[in-house]
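Coordinate analysis (summary)
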Amino acid sequence: MTSKTILITGATAGFGKAISLLFAKEKYKLILTGRRADRLKEISEQITGEFNVEVHTLTFDVRNKDACFNAIAGLPDTFKHIDILVNNAGLALGRDPFDTADMDDWDTMIDTNLKGLLYMTRACLPLLKESTAPHIFNLGSIAAKEVYENGNVYNATKFAVDAISKAMRIDLLPHRIKVTAIHPGAANTEFSTVRFKGDQQKAEAVYKGFEPLIADDIANTVLFVASQPLHVCINDLVIMPTAQATAVSFIKS
Ligand code: NDP
Ligand code: 8X3
């Protein structure tokens, strides 16, 4: 039985929720974050009921630097230990040409996907450095590897996640911190509903005619990577639906 502790940002939906449930099954202690307190409460109750592991929830917005640092500083003593940090919280907003895209959406994506990830990592580093097997996971995307039409600033934030993952791996080497970037293709979560601002028809159209990834596929991948021996680090992993070859190439029925 392990008593390792994992902190997952964006645990209220999609990948983050699936990773939370899978690591709970593996008997990890969990620190779960998100903005929606009701969802965190529900997931925490589900996990303690089903898996009998300890869960601590933190409700805050990763765009708020002080909130990130205060949340970690305020952890109760029994949770002042982090072995794995999963920087998962993130979003796309809109899929519009560069010249007409909403610039407030740009700010939100940059502040969440990049700055939020930076703040959370810096806030957690003192605790990670005390772990005997520290590991940081950053959720990139196929959008971190290929720019596609109307992807512009979402692509830019995910390219930045790719770059900062490489930079962390170098600069954190003296602390033997593993850094893994996970880059999924199309996965059916709340991602497209958020991207298209609640337009369910547009969101569902993204996954029509092929079998997309599901959140459990990403959770299984994170667990596989986290389960490697201490001397093995999987640095970078692109995971796609079999029906998707590039950011924009699909075989659809
Ligand atoms: P979901 O929309 O299902 O979940 C996103 C999570 O991020 C939610 O828990 C949400 O919680 C949290 N979040 C968003 N903004 C903030 C914020 N400002 N502060 C704190 N938490 C926040 O999306 P996915 O699970 O699909 O996405 C997870 C990650 O994977 C993202 O980084 C996304 O870019 C990336 N990704 C997704 C792909 C896909 O096709 N689905 C493919 C490749 C990468 P709450 O609203 O409660 O704050
Ligand atoms: C989410 C996948 O292709 O919509 O990062 O950018 S994509």
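Everything below is about the structure printed above this text.
Counting restarts for each chain, with residues numbered from 1 along the sequence as it is written. A letter from A marks each chain and a number from 1 marks each ligand, given out in the order of writing. Restriction of local features to residues with pLDDT of at least 70 applies here, the model being predicted, together with a cutoff of 80 or more for giving and counting side-chain atom pairs; totals for whole chains, interfaces and linings are based on all residues. Each side-chain value is derived from all of the structure's non-hydrogen atoms; neither hydrogens nor water enter the calculation.

Before going further, it helps to spend a moment on the site of ligand 1. Any residue with a non-hydrogen atom lying within 4 Å of a molecule or strand is treated as near it. Around ligand 1, a shell composed of 29 residues is seen, among which Thr12, Arg35, Asp61, Tyr154 and Thr189 lie nearest. Any pair of nitrogen or oxygen atoms within 3.5 Å is treated as a polar contact; in protein, a donor-acceptor pairing is required on top of that, and neighbouring residues in sequence qualify only through side-chain atoms on both sides. In this structure, a nitrogen atom belonging to ligand 1 sits 2.8 Å away from a side-chain N or O atom of Asp61. Protein contacts shield 96% of the accessible area of ligand 1, which totals 880 Å² for the unbound molecule. Contributions of two or more residues to the shell around ligand 1 are made by α1 (14-25) and α5 (152-171). Polar here means any residue outside two lists: the nonpolar Ala, Val, Leu, Ile, Met, Phe, Trp, Tyr, Cys and Pro, and the charged Asp, Glu, Lys and Arg; Gly therefore counts as polar. Looking at the shell around ligand 1 residue by residue, the class counts come to twelve nonpolar, eleven polar and six charged. Every accessible area reported is derived by Shrake-Rupley at a probe size of 1.4 Å, with residue values counting cover from the shown protein chains alone. Strands are runs of DSSP state E lasting at least 2 residues, helices are runs of H or I lasting at least 4, and numbering of each runs from the N terminus.

A few words now on the site of ligand 2. Within the structure, ligand 2 sits among Ser141, Ile142, Ala143, Tyr148, Tyr154, Phe191 and Arg195. Here an oxygen atom of ligand 2 and a side-chain polar atom of Ser141 are 2.5 Å apart. Arg195 places a polar side-chain atom, nitrogen or oxygen, 3.2 Å from an oxygen atom of ligand 2. Protein chains bury 86% of the 240 Å² of accessible surface belonging to ligand 2 in isolation. Taken together, the residues of the shell around ligand 2 sort by class into five nonpolar, one polar and one charged.

Burial status follows relative accessibility: with a 1.4 Å probe on protein chains alone, a residue under 20% of its type maximum counts as buried, one over 50% as exposed, and anything between as partly exposed. Burial of strand β6 (residues 178-184) is extensive: seven of the seven residues sit out of reach of the surface. Both faces of β6 are covered, namely the face carrying Lys178, Thr180, Ile182 and Pro184 and the face carrying Val179, Ala181 and His183. Of the crossover connections in this fold, the one passing from strand β5 (residues 135-139) over α5 to the parallel β6 is right-handed. When DSSP finds at least two bridges between two strands, those strands are taken to pair. By the bridge criterion, four bridges tie β6 to strand β7 (residues 236-239) in an arrangement that is parallel. Residue pairing in the sheet places Ala181 in a bridge with Asp236 of β7. Note on handedness: a crossover is taken as right-handed if, strands pointing away from the viewer, the path from the first strand over the helix to the second is clockwise.

These figures come from the coordinates and say nothing about function on their own.
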